[in-house]
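Residues per chain, in single letters:
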Amino acid sequence: MPEPDAAQGRHGSAPRRLKPAPLLFEPAAAASDEAHFFDLESIEDPRELLSRSTELVLAFRAATDRAMEFQAMAAAQLADPRRFDRLTPAVIAERAEWTEDYAKKMIEFGRELMRGGEVPD
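What counts, and at which threshold
Residues numbered from 1 in each chain as written. Predicted model: local features only at pLDDT ≥ 70, side-chain atom pairs only at ≥ 80, totals over all residues. Heavy atoms only, no water. pLDDT = per-residue confidence, 0-100. Helix = DSSP H or I, 4+ residues; strand = E, 2+ residues; numbered from the N terminus. Contact = heavy atoms within 4.5 Å. Core = buried A, V, L, I, M, F, W, Y, C linked by side-chain atoms within 4.5 Å. Buried < 20%, exposed > 50% of the residue type's maximum accessible area, 1.4 Å probe, protein only. Phe/Tyr/Trp six-rings, centres within 6.5 Å; stacked < 30°, edge-to-face > 60°. Axes fitted to C-alpha atoms, helices over the stretch in contact; angles between N-to-C directions. Parallel < 35°, antiparallel > 145°, perpendicular 65-115°, else oblique. Nonpolar A, V, L, I, M, F, W, Y, C, P; charged D, E, K, R; others polar. Polar contact = N/O pair within 3.5 Å; in protein donor to acceptor, adjacent residues only side chain to side chain.

(A) How the structure looks around the confidence of the model for the protein chain. Averaged over all residues, the pLDDT of the protein chain equals 80, while 67% of them reach at least 70. When the elements of the protein chain are averaged for pLDDT, helix H1 (residues 28-32) gives the smallest value, 56, and helix H3 (residues 89-96) the largest, 97. Below a pLDDT of 50 lies the segment residues 6-17, which in the model reaches 21 contacts outside its immediate sequence neighbourhood of four places, other chains included.

Below is the structure:
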C-alpha cells in the first residue's frame, strides 16, 4: 500500500495550507519576522546558501515523514476495535481534516507500522 499523500486536502480538494507548528529551535521572535527563516537571509555566499537550504529541505522532509507515521499510528490506535472508546474512520477523518477514504488508508498504514512490517513505497 502506498503511503497516503500528506498534502491531500479535505474531501479530495486542493492541498490545504496549514499553519506550521512552531519549531523548537528557532526563537519565537525570529519566527514572527516574515523575512527571517533560519538565518538563511544572512547568508551571502550562494554556494553556502544552497548547501544550508538543502540541508533544511531534507530535514523538513524527514520530519514530515516521521510526523505522518505518528499520525497514522495514532489513527490506528483510535480505530482499534478492542478499544471501548474507538472512533470510526469518519470521526478520525473529521478530527484530522482528512477525507474518510484517506483516514482508512492512514489507519491501515498505522497498523502496518505498529506491526513492524515493511510498508511498500
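(B) Highlighting the nonpolar core. Counting residues in each nonpolar core, the largest one holds 13 residues, and the members touching the most others are Ala75, Ile92, Trp98, Tyr102, Ala103, Met106 and Ile107. No other element matches the 5 residues that helix H4 (residues 100-115) contributes to this core. Here Ala103 is in contact with Pro89, Ile92, Ala93 and Trp98, once residues within four sequence places are set aside.

(C) Geometry of the packing of aromatic side chains. This structure, assessed with the given rule, holds 4 aromatic pairs. A ring pair is formed by Phe38 and Phe60, whose centres lie 5.7 Å apart and whose planes are at 65°; its orientation type is edge-to-face. In this pair, Phe38 is assigned in the loop between H1 and helix H2 (46-78) and Phe60 in helix H2, connecting sequence segments 22 residues apart. Owing to a relative accessible area of 28%, Phe60 belongs among the partly exposed residues under this scheme. Judged by centre distance (5.2 Å) and plane angle (75°), the rings of Trp98 and Tyr102 are edge-to-face. Like Trp98, the residue Tyr102 is buried in the burial classification. Ring pairs connect the aromatic residues Phe37, Phe38 and Phe60, which therefore count as one cluster.

(D) Molecular detail of unusual backbone geometry. Look at Phe38: it is not a glycine, yet its phi comes out positive at around 50°. Residues other than glycine seldom take positive phi values, yet Glu97 does so here, at roughly 60°. Mapping Glu97 onto the fold places it in the loop between H3 and H4.

(E) Molecular detail of the packing of H2 against H4. Two elements in contact, H2 and H4, have axes separated by 7 Å at closest approach and are oriented at 95°. Taken together, H2 and H4 sit at an angle that is classed as roughly perpendicular. Between H2 and H4, the residues in contact are Met68, Glu69, Gln71, Ala72, Met73, Ala75, Ala76 and Gln77 and Tyr102, Met106, Ile107, Phe109, Gly110, Arg111, Leu113 and Met114, respectively. Residue composition of the contact of H2 with H4, grouped by class: 11 nonpolar, 3 polar and 2 charged.

(F) Fine view of the environment of Glu108. Positionally, Glu108 belongs in helix H4. Look at Glu108 and you get partly exposed, because its relative accessible area is 31%. Separated by 35 residues in sequence, Glu108 and Met73 have C-alpha atoms that sit 8.9 Å apart. Looking at Glu108, its side chain comes within polar contact range of the side chain of Arg115, at 3.2 Å.

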